[in-house]
2 protein chains.
Amino acid sequence: MQRYFVDQCLNPQDSFPLSRADSHHISRVLRMQIGDQVQVVDGNHQLYQAEIIDLADLVTVQLGDRLDIETELPVQVAVFSGLAKGDKFEWLVQKLTELGVYEFYPVAMRYSVAKWEPKKADKKVSRLQKIMQAAAEQSKRLVVPVCQPLHTFDQALSQLANYDYVIVAYEESAKQGERSQLAQLLNQVKPGERLALIFGPEGGLAPHEIEVLSQLENCYLVGLGPRIMRTETAPLYALACISYVCELN
Amino acid sequence: MQRYFVDQCLNPQDSFPLSRADSHHISRVLRMQIGDQVQVVDGNHQLYQAEIIDLADLVTVQLGDRLDIETELPVQVAVFSGLAKGDKFEWLVQKLTELGVYEFYPVAMRYSVAKWEPKKADKKVSRLQKIMQAAAEQSKRLVVPVCQPLHTFDQALSQLANYDYVIVAYEESAKQGERSQLAQLLNQVKPGERLALIFGPEGGLAPHEIEVLSQLENCYLVGLGPRIMRTETAPLYALACISYVCELN
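From a predicted model like this one, the values you see are computed outputs, not experimental measurements.

Draft legend 1. Just the sheet that holds strand β1 (residues 3-5) of chain B, in detail. Residues and elements named next belong to chain B. Pairing within the open sheet is mixed, and its five strands lie in the order β1-β3-β4-β5-β2. On the outer flanks of this sheet lie β1 and β2 (15-17), each paired with one strand and no other. Strand-to-strand twist across the sheet, computed as the mean angle between neighbouring axes with direction ignored, equals 40 degrees. Alignment of β2 against strand β5 (residues 60-67), held across three bridges, turns out to be antiparallel. Across the sheet, residue P17 finds its bridge partner in β5, namely T60.

Shown next, in the form of structure tokens:
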């Protein structure tokens, strides 16, 4: 069932027009008809069954009952990632959305080979946001995760006080055979808590960055197992582990 | 440290020439010099430190000591995946290799939109195998996972008797809120056991395929959490969960 996100807060039986983009998708791309069913998620992250009742210009839907289907991770996870090369971020944010991420921060780190020109950064962020929106619809999320603007390392650092845990993926921890810190930590996490996960770019985190991070209260340097993962694979691994512990175990 | 795989079985202090492809990579791509260090994994999956002692035509290395660094998953995981569209398999096998997969089976399933022409199937498989080889070197594996030839569903089925557990990712299980079967199962798995994971193509597994699979002894239909994952994301999620349970927990 196709799912659309709207900003307003809704009630059962409401009828209202969808946005121009969603209307186009329904009438032109999917060629749906009056009487066909979709799902709508409102600004309060509530899910409704909805029926198409008008296809003129904008598509109008009438809501049915609220559906009680939880698809969000019970913890809020923000991924802070050093800028990666090529189009890696495009599929990283798609996959992270499928895996339940809440926010994504692109961070210009010391060893980032990729640079974002300030003029183009906003355009890149809105492209990533669109990918996250589409992935949220497809994976049946109740929340569209947010792609934050480009942050410098210091700007990212100043965000970290907002999280209960700051988890830094650190290759040296992995090399030294550190393998149990992540599991210990995830076993303590409680529903509703906020986790920040920090990943370096292809060149890794710089020694100065590690030093500053490790001085934060609630910061944990963790290994992610014995194999070396690419910069775009490690965040998926960590999100999958969080989902496993919080949703399957 | 750059890592190369060789077929022969080696002993400390052996000296021998590397293959033409590896020699080219060392001398032309990386422009390494005599005295530079690499790592070599032999046909017994043993890892050695090695020094470059000759760069003429083929590169000759002399082994030092055997290194005792384990980077393989303690269980052998085979992923059977329905043929997926576009180049999804290319990055899927790269990521699965980083996550520790042992074998990959491309399977023509009932609902596969993608079709592989018989003439081109071998070429596709050798391309996937090359990607797995490169990813094994980069992620510091001791084993290069194998990309098996294209299998029909029935051919795949006949392989499954070779595995201790057959784990089928089944969207209907997820929809019905089944969330604990995978965890229960992974908590029983013992080192050295062999796991087959089965994933449908974009259209999912066909009812007949599910029926046949579920009649196998040791077959488990499992949900992978509340969100709908794409066909190329679900295997990564499952591999990460297996690594978490077997290597981090």
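And the narrative resumes.
Draft legend 2. Molecular detail of the sheet that holds strand β3 (residues 37-41) of chain A. All names here are of chain A. Here five strands make up an open sheet; going across it, the order is β1-β3-β4-β5-β2 and the pairing mixed. Where the open sheet ends on each side, the last strands, each with one partner, are β1 (3-5) and β2 (15-17). Neighbouring strand axes in the sheet, compared pairwise and without regard to direction, differ in orientation by 40 degrees on average. Each of β1, β3 and β4 (47-54) touches helix α1 (residues 20-29); the most contacted strand, β1, lies at about 165 degrees to it.

Draft legend 3. Spotlight on the pairing of strand β4 (residues 47-54) of chain B. All names here are of chain B. For strand β3 (residues 37-41) and β4, the ladder comprises five bridges, and the chain directions are antiparallel. Residue pairing for β4: V40 is matched across the bridge by Y48. Here β3 folds back onto β4 in antiparallel fashion, the turn holding five residues, of which H45 has a positive phi close to 60 degrees. Across six bridges, β4 lies against β5 in antiparallel orientation.

Draft legend 4. Representation of the environment of B:K140 in the model. Residue position: B:K140 is located in the loop between α3 (118-138) and β8 (146-147). Spatially, the C-alpha atom of B:K140 lies 21 Å from that of B:A238, the residues being 98 residues apart in sequence. The residues contacting B:K140, other than those within four sequence positions of it, are A:I228, B:M1, B:Q2, B:R3 and B:T71.

Rules and cut-offs
Residues numbered from 1 in each chain as written. Chains lettered and ligands numbered in written order. Predicted model: local features only at pLDDT ≥ 70, side-chain atom pairs only at ≥ 80, totals over all residues. Heavy atoms only, no water. Pairing = 2+ DSSP bridges. Helix = DSSP H or I, 4+ residues; strand = E, 2+ residues; numbered from the N terminus. Axes fitted to C-alpha atoms, helices over the stretch in contact; angles between N-to-C directions. Contact = heavy atoms within 4.5 Å.

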